[in-house]
Structures are given as structure tokens and as C-alpha cells.
Protein chains: 2
Amino acid sequence: MSKLNNKDPKSDTGRSFARSPCPITNTLDLLGDKWTLILIRDLFFGKRTYGDFQSSPEGIPTNILAERLKRLLENGIISKEAYQDRPVRYAYTLTKKGEALGPIVEEIAVWGLKYIEGTEANLSKTN
Amino acid sequence: MSKLNNKDPKSDTGRSFARSPCPITNTLDLLGDKWTLILIRDLFFGKRTYGDFQSSPEGIPTNILAERLKRLLENGIISKEAYQDRPVRYAYTLTKKGEALGPIVEEIAVWGLKYIEGTEANLSKTN
DNA sequence: TCCTGTCACTTTAAATTTGCAAGTAACTAA
DNA sequence: TTAGTTACTTGCAAATTTAAAGTGACAGGA
């Protein structure tokens, strides 16, 4: 039951990985897609509600948004709390683990600004 | 004809983007998937041939490998050259633009090592 | 010459994921 | 009562990914 390359990381002993024990591979399995790091970026820019994320110019589909928020919650990268009752409204914020993604987001922005023509640094909230 | 949010980046004036002018978004459109940064990692570890990439423990499907190498070539992140004739064999290497991805890969590795239990730093070539 | 093997891909078909649109539930304000 | 907002969920077509097999160029050995 404790085979390597188990399809489900985290299951079993915690020492089996979906693809390999490489930290890069496993980080990519968590946030290596076209939307997750955009959410992390938005969180760094102070966005906190479901509606805030939807309003970013990239236009994330709502089903993808819900699923990504769930995955980030399950992995302890963000936390969710009601910031008001009547009606209940939720705010998502980065945990310490999530805040630690800062340097990754920063280096991606630096590279993009330097090598992709026409990209612009954040102009307030028009990410 | 020069609308923003054009579906085809690079088309038109070069000032229209697929999703937004954000450097993070555009970098993600280039390498935000589960395989591209693994190839970049392999290149940093000195792998250079098609076979080298195939032999990494993650087991990239060959059609994906071919397509990603093509995209990285088209975007000037890697270059391809024959390193022998009879039979012709090709080596892929990082360009200056590709080498500049070093800090991103590094920060991803640092985060993964710290926050994903069980991941291990590169043990020679067993990425 | 024929056969086997390697390297660098390409093709095919099925499985998975994505994107778009519409729908739902809770509640509030008019 | 009706309309509006927020935070999702559902359904389905389209796009992407995956595994597996196939192709073509060439080399070496029998």
C-alpha cells in the first residue's frame, strides 16, 4: 500500500508523491496553472471577496474560481472568514504560508516586465 | 481593429493582450502550466536533449514535450542546435532570456522545500 | 542486405479540464 | 412583492492532456 508515485500525494505515509519529490514539481502541482497565481496576486493587492476576484480584468470563470479557492483553502495557503453577518459575507486572506509566495510572484512580475513587451506594473487596481 | 483584450496576443499593434497587460498574467500564459517550468528546471540542471527531458522522473508525454519545446523556441527562451551530424542530434539550451528565469525557479524551489513536506532538494540528477 | 535499435518526434483516441452560460440560495432594500 | 446583490453550483460543449502506438532518418552488426 505504500508505493511510490502514488496518484494521490498526501495520502498514505505522506512520502509518496504524484510525480516526484522535487519541490518545484510539487509546487507546480499546487499552483502551476493559468489562474491560481493570479488569485495570489490579487490577494497581495488587497482583494478579498469572491466578487473582488471575479472583477479582475482576466475574467476568471466562476466555477474555476470556486474550485481554486477551495484548493488553496485545503492547502492552507489562504483562510476564509465572515467579515459581516446579515447577510453573511466572506473575506479570503493569505496565511503565513500564502504570504511566503511573495518572492515567487515578485520574480515572475520582474521577469515579465523585463521580457514581455508591453506589460505594465500594477496601476493601482487595474491588474 | 486595435481593441484591448484581443484573443491573440502579439497580433495587431503588439499592445493588445490575451487577458490583461499584467506581467504576471502574461508570464503565466507562457509558462504557467504543469510542465514548462519542469523543462526549465531540467535545462538549469544541464539536460539538453529530447531524450534527457523524457527521462526525468515526472514522465512528460512526448507530444507535450515537443509542443512545449516549440513554444519555448518561438518565444526565445531556449535555442536549438545540432551538436553532431551523422546522425543529426539536437541540443536545447537556455538563451539569456531563459537564464533570467533562474530566480523564479529558485524561489519556487525554496517555497516548496519549506512548505511541502517531504520534498527534497536536487540529489544530483534525480530531479 | 537484412534486422534491430536509437533518437526525435507525430498521430490518434480517450480522459480530463476549461470556459461559458444559466441557475440557485440567502438575504436586503424599495 | 419585486428586484438586486453576493457567493456559489450545475450542465455542457470545446479545448487540452494523456497514454500508446506509429514514423522516418540513420547506425551498427550478422
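Residues numbered from 1 in each chain as written. Chains lettered and ligands numbered in written order. Predicted model: local features only at pLDDT ≥ 70, side-chain atom pairs only at ≥ 80, totals over all residues. Heavy atoms only, no water.

Participant: What is the right way to read the pattern of salt bridges from this model?
Facilitator: Enumeration over the complete set of coordinates arrives at 12 salt bridges over all chains. Here A:R41 and A:E58 are joined by a salt bridge, their closest N and O atoms 2.9 Å apart. Pair noted here: A:R41 is in helix 2 (residues 36-44) and A:E58 is in the loop between helix 3 (50-54) and helix 4 (62-74), with a separation of 17 residues, a long-range link. Note on A:R41: relative accessible area 1%, which makes it buried. On the basis of relative accessible area, A:E58 is assigned to the buried category, the value being 8%. Between B:R41 and B:D42 there is a salt bridge, with its nearest N and O atoms 3.0 Å apart. On the basis of relative accessible area, B:D42 is assigned to the buried category, the value being 1%. Linked through salt bridges whose partners overlap, the residues forming this network are A:D33, A:E67, A:R68 and A:R71. (Salt bridge = Lys/Arg side-chain N within 4 Å of Asp/Glu carboxyl O. Helix = DSSP H or I, 4+ residues; strand = E, 2+ residues; numbered from the N terminus. Buried < 20%, exposed > 50% of the residue type's maximum accessible area, 1.4 Å probe, protein only.)

Participant: Help me understand the nonpolar core in this model?
Facilitator: Side chains of nonpolar character tend, in soluble globular proteins, to be buried together. Residues A:I40, A:I77, A:I78, B:I40, B:I77 and B:I78 are the most contacted members of the largest nonpolar core, which totals 54 residues. When sequence neighbours within four positions are dropped, the list of residues in contact with B:I77 reads A:W111, B:L30, B:L31, B:I40, B:L72, B:T93, B:L94, B:T95, B:K97, B:G98 and B:L101. (Core = buried A, V, L, I, M, F, W, Y, C linked by side-chain atoms within 4.5 Å. Contact = heavy atoms within 4.5 Å.)

Participant: Looking at this structure, how should I read the protein's contact with DNA strand D?
Facilitator: The full set close to DNA strand D counts 18 residues, and A:T62, A:Y92, B:W35, B:N63 and B:R86 are the nearest of them. Here, DNA strand D places atoms within 4 Å of the protein, and 64% of those atoms are sugar or phosphate. A distance of 3.1 Å is found between a phosphate oxygen of DNA strand D and a side-chain nitrogen or oxygen belonging to A:K80. Note that a sugar or linking oxygen of DNA strand D is positioned 3.2 Å from one of the side-chain N or O atoms of A:R89. Among the elements of the structure, helix 3, helix 4 and strand 2 (89-94) of chain A together with helix 4 (62-74) of chain B are those that each provide at least two residues to the surface near DNA strand D. Its residues assigned to classes, the surface near DNA strand D comprises eight nonpolar, six polar and four charged. (Near = heavy atom within 4 Å. Polar contact = N/O pair within 3.5 Å; in protein donor to acceptor, adjacent residues only side chain to side chain. Nonpolar A, V, L, I, M, F, W, Y, C, P; charged D, E, K, R; others polar.)

Participant: What is the right way to read the protein's contact with DNA strand C from this model?
Facilitator: Close contacts around DNA strand C come from 18 residues, with A:W35, A:N63, A:R86, B:T62 and B:Y92 the closest. Within 4 Å of the protein, the contacting atoms of DNA strand C are drawn from sugar and phosphate to the extent of 64%. One of the backbone N or O atoms of B:G51 is found 3.2 Å from a phosphate oxygen in DNA strand C. Of all the secondary-structure elements, those providing two or more residues to the surface near DNA strand C are helix 4 of chain A together with helix 3 (50-54), helix 4 and strand 2 (89-94) of chain B. Sort the elements by how many residues they give to the surface near DNA strand C and helix 4 of chain A lands first, with four residues. For the surface near DNA strand C, a count of residues per class yields eight nonpolar, six polar and four charged.

Participant: Hey, could you run me through the interface of chain A and chain B in this one?
Facilitator: For interface size, the figure often reported is the accessible area lost on association. Each side of the interface is counted separately: chain A has 44 residues, and chain B has 44 residues. Note on chain A versus chain B: buried area summed over both sides is about 4,100 Å², and carbon and sulfur give 70% of it. The largest share of the area that chain A buries against chain B comes from A:R19, A:I24 and A:W111, three residues that together contribute 17% of it. At the boundary of chain A with chain B, the tally comes to 14 residue pairs in polar contact (both at pLDDT 80 or more). Of all the secondary structure elements, the ones that give two or more residues to the side of chain A that touches chain B are helix 1 (23-31), helix 2, helix 5 (96-99) and helix 6 (102-115) of chain A. For the side of chain A that touches chain B, the element with the most residues is helix 6 of chain A, which contributes 10 residues. Of the residues in the side of chain A that touches chain B, the class split is 23 nonpolar, 10 polar and 11 charged. (Buried area = accessible area lost by both parts, 1.4 Å probe.)

Worth remembering: the numbers are spatial, not functional.
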